[in-house]
Amino acid sequence: MSSTLLEVTRAGHEEIERLERLIVKDLQNEPASSKDRLFQSHRVRNMIDTITITTEKLIDIYEDKDNARKDEIAALGGQTATGTNVFSAFYDRLKELYMQIREYHRKHPAARVVDVNEEYEELLKEELRIEFRGEEAFGRYLDLHELYNEYINSKFGEHIEYSAYVDVFSEPQKIPRKLKLTRQYREYLENLLEYLIYFFERTEPLQDLDRIFTKLATDFEEQWANGMVEGWDNEDQENGNVPTQHAAIDLDYYSTVEELMEVGPEMLKEALAALGLKTGGTVQQRAERLFLTKHTPLEQLDQKHFAKGSRRSEQNGIPAAPKEADNSKEIALLEAKLRKICELLYETIVRTKENIEKKQALTYEEMEAEREEEEVQADTESDDEEQQIYNPLKLPMGWDGKPIPYWLYKLHGLGQEFKCEICGNHSYWGRRAFERHFKEWRHQHGMRCLGIPNTKNFNEITSIKEAKVLWERIQERQGLNKWRPDLEEEYEDKEGNIYNKKTYTDLQRQGLI
């Protein structure tokens, strides 16, 4: 019904304010389970998106590129372009609004006044539809089976078990460099990153992944310029090209063209394309063309060997550097993004690994029984949520919002509390959580504040005093291995007696030597 820009502006500000209050009200309610927490995060995310869209519309109105807002304000003050009387303009506007209201109620005879607050409150009761695969268990685990099949059937992959793949997929630096400069590896990286981003957006909707990746790209550019990117050599970044030994084929292992022909036409084609050379001809011609680059720099090769459009510039006629330099940088950036998002999903990856190991230990009958139990729990979930959870032993809540079994509580020793003074007297329940925290950010930050490197020597050290004493002992021990001229430099007197520098100087001052 808003027909004026000023009314649209007022309604926009009102909507933003109502949504902000609604977000605060929703976040004040503690979710009963991880599923409720996920629904709450998605509700808040949807409201934030609505606020963003409304704010963009208000910005367009305030910029007033077509001067419509300016004309409307002038009309309210009696300043009309046609010189019409202010009262006439007012009554004409009133009549127009009256006709619009009559027309609206004629089309909607059952229309009634709706409480806006009730309409917004309905957003908190809205049931959201979040799509997860069966293997993902509503965001608890990753489903990497398709990517696993792609990995083991590729040239850069290994034939390993799925559980082992969950351990290594987040470590692309372990793959040999010469196998990374292929289209197959790049497509695999893009597919893996696309799935992890999609999973992260579904499980952590309030995280600003774009901002995280923007900062990562900025840091990456600086590291690439300084040659400090993990898994990529400095020589490529300084020269802007890819050396011969980093192509798909290492020519140092081949002494003749005949040996190089045994690699096969496809590998030869990839290696020639990586260097910007022609890829056609027979296997022997390709091998001969590639073998030329073993002892002859690219700049000195005849231009007839290069593919069209691969010249460095028309001014000097030097063959252009292969496009693999840009590909190397893009692939390195994809790997950096992969490592970053794997850090954000670290707990999910650990849970996925544990779930795989658990399933491997179950028989088919046990797996079927567990699946049926999960289905029954899903059917009765709504009824259970209405009832108060009985938890007299104060057991920790599981992922389903219910207390974990007592045997599991005793198995992991969750009743045992470990306090770490370095972490600000933070408590860790259970031996497993305590041992894991030495590599987490809170303990690392505490050690950094003390000026002590967080090495294996300081594992199990939770007291600040003990950490400082141990660090002093390590420094003293390291000092014993240093060259100390006063004690280790030797002097010989006229009689052939050997003294260290300190003793020799003292005896000389006393006139005994």
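The coordinates are above.
Presented here is a report on the structure given in the accompanying data block. Small disclaimer: the values here were computed from a predicted structure and weren't measured. (Residues numbered from 1 in each chain as written. Predicted model: local features only at pLDDT ≥ 70, side-chain atom pairs only at ≥ 80, totals over all residues. Heavy atoms only, no water.)

**What about the nonpolar core?**
Here is step 1: Membership of the largest hydrophobic core comes to 45 residues, with the highest contact counts inside it found for L142, L144, Y165, F169, Y188, L192 and L196.
Here is step 2: At the level of secondary structure, the elements contributing two or more residues to this core comprise α2 (34-63), α6 (145-152), α7 (162-168), α8 (183-203), α9 (209-225), α14 (324-344) and α15 (346-360).
Here is step 3: Among the elements that make up this core, the one with the highest residue count is α8 (nine residues).
Here is step 4: Contacts of F169, omitting those with residues within four sequence positions, involve L142, L144, Y188, L192, L196, L338, C342 and I349.
Here is step 5: Of all hydrophobic cores here, the second largest spans 14 residues; its members include L268, L272, L275 and L290. (Core = buried A, V, L, I, M, F, W, Y, C linked by side-chain atoms within 4.5 Å. Buried < 20%, exposed > 50% of the residue type's maximum accessible area, 1.4 Å probe, protein only. Helix = DSSP H or I, 4+ residues; strand = E, 2+ residues; numbered from the N terminus. Contact = heavy atoms within 4.5 Å.)

**Observations regarding α6**
For the α-helix, the turn length of 3.6 residues means that residues three or four positions removed from each other point alike.
Here is step 1: If you check which residues of α6 are buried, you get L147, Y148, Y151 and I152. On an axial view of α6, the arc spanned by its buried residues comes to 130°, and they lie on one face.
Here is step 2: Against α7 and α8 lie the buried residues of α6. (Arc of directions from axis to C-beta.)

**Structural notes on the environment of I152**
Here is step 1: Mapped onto the elements of the fold, I152 is located in helix α6.
Here is step 2: Take I152: its relative accessible area is 14%, and that puts it in the buried class.
Here is step 3: In the structure, I152 is positioned 13 residues away from Y165 in sequence and 9.1 Å away in space, judged by C-alpha atoms.
Here is step 4: Setting aside chain neighbours within four positions, we find I152 in contact with E158, H159 and I160.

**Things to note about the pairing of strand β2 (residues 426-429)**
On a regular strand, one side chain projects to one face of the sheet and the next to the other, so that they alternate.
Here is step 1: By the bridge criterion, four bridges tie strand β1 (residues 417-420) to β2 in an arrangement that is antiparallel. Residue pairing across strands places K419 opposite S427, the latter belonging to β2.
Here is step 2: Between the end of β1 and the start of β2, which pair antiparallel, lie five residues, with G424 showing a positive phi angle near 80°. (Pairing = 2+ DSSP bridges.)

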